[in-house]
Amino acid sequence: MAHSTVSRVRRQLPTSPWLFAAPGLLIAGAFTLYPFGSTLVNAFTDRRTLIPGHFVGFANFRELWHDDMFWTGLRNSTLYIVGVVPALVVLPLLLALLVQKNIPGITFFRSAFYTPVVASIVVVGLIWVWLLDERGLVNSLLETIGVGRIGFLSDQWLLLFSAMAVTVWKGLGYYMIIYLAALAGVPRELHEAASVDGAGAVRRFFTVTVPAVRSTMVLVGALSSVAAFKVFSEVYLMAGPSGGPAGEDTTLVMLVQRTGTGLTGRVGYASALSVVVFVVTVALMLLVLRADRKEDS
């Protein structure tokens, strides 16, 4: 009886793992692999929303090269990385150092710093639009103190920097949690030994804390770089569908959305844009990992 049970289990083992994995594989295939493959195929066609389209080779990519809006979107997405990533690598670490100590009331501050993370990006964007509008709270305060009103949402560069500020503000709590987990693994003995050697708080930060969490900083840099390059909601909500004055604040993902949607959307051209975004995103990840490996060696 026992022998027959063991034999039956052995016969079932080769297929049983696949049965357990089947639901997840089907979901991944339907919502990730199929859309990715479809986008890759459409990038080489002239497909539109209601028209299947035909194979056009690299025509969409050649058009990208001569499209001024593509270069505008690439510039803005790249500037977003430059403006957002350093802040999201450093500021959450400093914030984690402030809230990691177990003192009365610290739980409240941890929750307060994390609240923007769980808030809807639409709600956050609208709140900041109301604050930075020409008749919003910030400009009213500036006018009260005699500075005058500033066009945060009407000036090309101020609008882009304002969107960056919203991204940093919303991401601080998320990356703070990641750093808190990393800081919990730093041996207390290292700080005590550095203190005995006469190292102050700043020196201990650079000689003990930073080396101990360097791998986490690389992870945060990689995650924030990809998120910054694919930014959409913040700029869309603050600049509007047109992408700010004359479309000068349009990002690549906004350009994909604008080009590929609607009854006359150019799905093939938007797919080519999406492929470029994917390639650049993968390149960013590889550059970060390569830099980390070089530093390790």
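As shown above, the structure is provided for reference.
J.: Can you walk me through the overall build of the chain in this structure?
T.: The helix and strand inventory of the chain stands at 14 helices and 0 strands. Ordering the α and β elements of the chain from the N terminus gives α-α-α-α-α-α-α-α-α-α-α-α-α-α. Taken over the C-alpha trace, the chain has a radius of gyration of 25 Å; the compact-globule value for 297 residues is 19 Å, which it surpasses by more than 25%. Taken as a whole, the chain presents about 17700 Å² of accessible surface, with 69% of it coming from carbon and sulfur. The average position of the 22 basic charges and that of the 17 acidic charges among the side chains of the chain differ by 12 Å.

J.: Looking at this structure, how should I read the packing of aromatic side chains?
T.: The geometry of two aromatic rings is summed up by the distance between their centres and the angle between their planes. Inspection of the entire model under this criterion finds 11 aromatic pairs. Ring geometry for Phe58 and Phe61: centres 6.1 Å apart, planes at 55°, overall tilted. Under the relative-accessibility criterion, Phe61 is labelled partly exposed at 21%. Look at Phe108 and Phe109: their rings are 5.4 Å apart centre to centre, the planes differ by 75°, and that puts the pair in the edge-to-face class. Given a relative accessible area of 44%, Phe109 falls into the partly exposed group. Clustering of aromatic rings is evident, with ring pairs tying together Phe44, Phe58 and Phe61. Across the ring face of Tyr269, the terminal group of Arg266 is positioned such that the distance to the ring centre comes to 4.5 Å.

J.: Got a minute to help me understand the nonpolar core in this structure?
T.: Phe70 and Tyr80 are the most contacted members of the largest nonpolar core, which totals 61 residues. Those elements giving two or more residues to this core turn out to be α4 (68-99), α6 (121-132), α8 (156-183), α10 (201-212), α11 (214-229), α12 (233-239), α13 (252-260) and α14 (267-296). Those residues within four positions of Tyr80 in sequence are excluded, and the remaining contacts are Val85, Leu160, Ala163, Met164, Thr167, Ala228, Val231, Glu234 and Val235.

J.: Would you mind going over unusual backbone geometry with me for this structure?
T.: Comment: phi is negative for the bulk of residues other than glycine, and the bulk of peptide bonds are trans. The phi dihedral of Ala246 is positive, around 60°, even though this residue is not glycine. With respect to the helices and strands, the residue Ala246 is situated in the loop between α12 and α13.

J.: What exactly am I supposed to notice about a nonpolar patch on the surface here?
T.: A contiguous nonpolar patch, built from Phe36, Leu40, Phe278, Val279, Val282, Leu286 and Leu289 and spanning about 620 Å² of accessible area, is present on the exposed surface. Those elements that place two or more of their residues in the nonpolar patch are α2 (16-42) and α14. The element best represented in the nonpolar patch is α14, accounting for 5 residues. Tracing the backbone shows Val282 in helix α14.

Definitions and cut-offs
- Sequence order as written defines the numbering, with residues in each chain counted from 1.
- Restriction of local features to residues with pLDDT of at least 70 applies here, the model being predicted, together with a cutoff of 80 or more for giving and counting side-chain atom pairs; totals for whole chains, interfaces and linings are based on all residues.
- To get the side-chain values, take all heavy atoms of the structure and skip hydrogens and water.
- Put simply, DSSP marks the helices as runs of H or I at least four residues long and the strands as runs of E at least two long, and each gets a number from the N terminus on.
- The size measure is the radius of gyration over C-alpha atoms, and the globule rule it meets is 2.2 Å times the number of residues to the 0.38 power.
- Using the Shrake-Rupley algorithm and a 1.4 Å probe, accessible areas are obtained, with residue cover drawn only from the displayed protein chains.
- In summary, the charge assignment counts Lys and Arg as positive and Asp and Glu as negative, without counting His or the chain termini.
- Taken as the charge location is NZ of Lys, CZ of Arg, CG of Asp or CD of Glu.
- Working definition: rings of Phe, Tyr and Trp (its six-membered ring) pair if their centres are within 6.5 Å, and the pair is stacked with planes under 30 degrees apart, edge-to-face with planes over 60 apart, and tilted otherwise.
- When a residue's accessible area, from a 1.4 Å probe over protein chains only, is under 20% of the maximum for its type it is buried; when over 50% it is exposed; and in between it is partly exposed.
- Only when the NZ of Lys or the CZ of Arg is both within 6 Å of the ring centre and within 35 degrees of the ring normal is a charge said to sit over the ring.
- Residues belong to one nonpolar core when they are buried, are Ala, Val, Leu, Ile, Met, Phe, Trp, Tyr or Cys, and are joined through side-chain atoms within 4.5 Å.
- Any pair of residues with heavy atoms lying within 4.5 Å of one another is described as a contacting pair.
- Without a salt bridge and with relative accessible area above 30%, a residue can belong to a patch; like charges are then joined within 9 Å and nonpolar side chains (Val, Leu, Ile, Met, Phe, Trp, Tyr) within 5 Å.
- Salt bridge criterion: a side-chain nitrogen from Lys or Arg within 4 Å of a carboxyl oxygen from Asp or Glu.

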